[in-house]
Amino acid sequence: MTEQGYAAPDVCKIVGITYRQLDYWARTELVTPSVRDASGSGTQRLYSFQDLVTLRVIKSLLDTGVSLQRVRTAVEHLHDMDRPVAGVTLMSDGRGVYEAHSPEAVVDLLRSGQGVFAIAIDRVWSDVEDALPKTTRTKGRRAAAGGQ
């Protein structure tokens, strides 16, 4: 069984980005479509559910003022993780992006005195699931990707 793919127009709606952003991020390899990449004129990129979650995290980071360069570093970190990303919380002080893997890490960020925001990937995951058309939702997607 092959994984269902989401075409660019649906991805843009679900994630809340423009086609231009999606195309740029694919061409610069920030997020390449996992199901099928474009292979010439007339072919369509197809994104996986995991790609949708990654794209939503990227949008959230950019919306809070994190630079695209730092977002790229955070996305690379998520891809290189040995464990499922569903339980990860990313935090940022507007300059850097950090994985809050313990309460101490959160306290250290807050101690710096700057405003800090957090992105709980579990929450992003649920939001993306809720944004999918009912016909494309499938139970067990979280478990299949190593989430709770």
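Coordinates for the structure precede this section.
All chains use their own residue numbering, which begins from 1 and follows the written sequence. A pLDDT threshold of at least 70 governs which residues receive local features in this predicted model, and a stricter bar of 80 or more applies before side-chain atom pairs are shown or counted, although totals over entire chains, interfaces and linings include all residues. The basis for every side-chain value is the complete set of heavy atoms in the structure, and neither hydrogens nor water enter the calculation.

**Here we look at the environment of Tyr 24**
For the record, the criterion: Secondary structure follows DSSP: runs of H or I at least 4 residues long count as helices, runs of E at least 2 residues long count as strands, and numbering of each begins at the N terminus. Exposure is judged per residue with a 1.4 Å probe applied to protein chains only, and the accessible area is read against the type maximum: over 50% gives exposed, under 20% gives buried, and values in between give partly exposed. In this analysis, two residues are considered to be in contact whenever any of their non-hydrogen atoms come within 4.5 Å of each other.
Along the chain, the position of Tyr 24 falls in helix α2 (residues 19–27). Residue Tyr 24 is classed as partly exposed on the basis of its relative accessible area of 37%. Ignoring sequence-local partners within four residues, the contact set of Tyr 24 consists of Leu 68 and Arg 72.

**What to know about α2**
We apply this condition: This arc is built from the directions going out from the helix axis to the C-beta atoms.
Every buried residue of α2 is listed here: Leu 22, Asp 23, Trp 25 and Ala 26. Across the axial projection of α2, the buried residues extend over an arc of 165°, all falling on one side. In α2, those exposed residues whose orientation departs by more than 90 degrees from the buried face are Arg 20 and Arg 27. Looking at the buried positions of α2, the neighbouring elements they touch are α1 (8–15), β2 (46–47), α3 (49–63) and α4 (68–80). Once α2 ends, the next one or two residues include Glu 29, with phi positive near 60°.

**Things to note about the side chain of Thr 54**
Among the structural elements, Thr 54 can be located in helix α3. Residue class for Thr 54 comes out buried when judged on its relative accessible area of 11%. Apart from the residues within four sequence positions on either side, Thr 54 is in contact with Val 31, Val 75 and His 79.

**Some thoughts on the nonpolar core**
The criterion, for reference: The definition of a nonpolar core used throughout is a set of buried Ala, Val, Leu, Ile, Met, Phe, Trp, Tyr and Cys residues joined through side-chain atoms within 4.5 Å.
Ranked by size, the top nonpolar core spans 35 residues in total, and within it Val 11, Leu 22, Phe 49, Leu 52, Leu 55, Leu 61 and Ile 121 carry the most contacts. Where this core is concerned, the elements lending two or more residues are α1, α2, α3, α4 and α6 (121–131). Of the residues forming this core, the biggest block, seven residues, is contributed by α3.

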